[in-house]
Amino acid sequence: MSNEKQRPGDETEPGTKQTGENTCPRCAGTGSFEGKPCPECKGTGSVTVIVGDA
Ligand SMILES: [Zn+2]
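Residues numbered from 1 in each chain as written. Predicted model: local features only at pLDDT ≥ 70, side-chain atom pairs only at ≥ 80, totals over all residues.

*Asks:* Looking at this structure, how should I read the overall build of the protein chain?
*Replies:* Helix and strand counts for the protein chain come out as zero helices and four strands. Element order for the protein chain, N to C, with α for helix and β for strand: β-β-β-β. Classification of the 54 residues of the protein chain by burial places 7% in the buried group. Across the protein chain, the fraction of contacts at a sequence separation of at least 24, relative to all contacts at a separation of at least 6, is 35%. (Helix = DSSP H or I, 4+ residues; strand = E, 2+ residues; numbered from the N terminus. Buried ≥ 20, exposed ≤ 12 C-beta atoms within 10 Å, placed from the backbone. Contact = placed C-beta atoms within 7 Å.)

What follows is the structure, encoded as structure tokens:
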């Protein structure tokens, strides 16, 4: 997905959905789940959530 309106240093465009980083609830931010990379956050420990579409 590319966003042609995206400008460097400007993460949030007016009119786009507001998103935020949240600690992954499945792995509690560790990035691993049952000894494997967490499928929920893909091993990053955080998930992007939509907070609302302003
Ligand atoms: Zn996770």
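*Asks:* Explain the environment of Val47 here, please?
*Replies:* Mapped onto the secondary structure, Val47 falls in strand β4 (residues 46-52). Residue Val47 is classed as partly exposed on the basis of its 18 C-beta neighbours within 10 Å. Ignoring anything within four residues of it in the chain, the contact list for Val47 reads Asn22, Cys24, Glu40 and Cys41.

*Asks:* I would appreciate a short explanation of the environment of Asn22 in the present structure.
*Replies:* One can find Asn22 in strand β1 (residues 18-23). Remark: the alpha-carbon pair of Asn22 and Val47, spanning 25 residues in sequence, is separated by 5.2 Å. When residues no more than four places from it in sequence are discounted, the contact partners of Asn22 are Ser46, Val47 and Val49.

*Asks:* I tried to follow the environment of Cys24 on my own but got confused; where do I start?
*Replies:* Relative to the assigned elements, Cys24 resides in the loop between β1 and β2 (32-33). Overall, Cys24 belongs to the buried group, with 21 C-beta atoms counted inside 10 Å. The spatial distance from the C-alpha of Cys24 to the C-alpha of Thr44 is 8.4 Å, given a sequence separation of 20 residues. Excluding residues within four positions of it along the chain, Cys24 makes contact with Gly29, Cys38, Glu40, Cys41, Gly45, Ser46 and Val47.

*Asks:* Looking at this structure, I do not really get the pairing of β4. What am I missing?
*Replies:* Each regular strand shows side chains that alternate between the opposite faces of the sheet. Within β4, only zero of the seven residues are buried, leaving the element largely exposed. Bridge analysis of β1 against β4 gives six bridges, and the strand direction is antiparallel. The partner of Glu21 across the bridge, within β4, is Thr48. (Pairing = 2+ DSSP bridges.)

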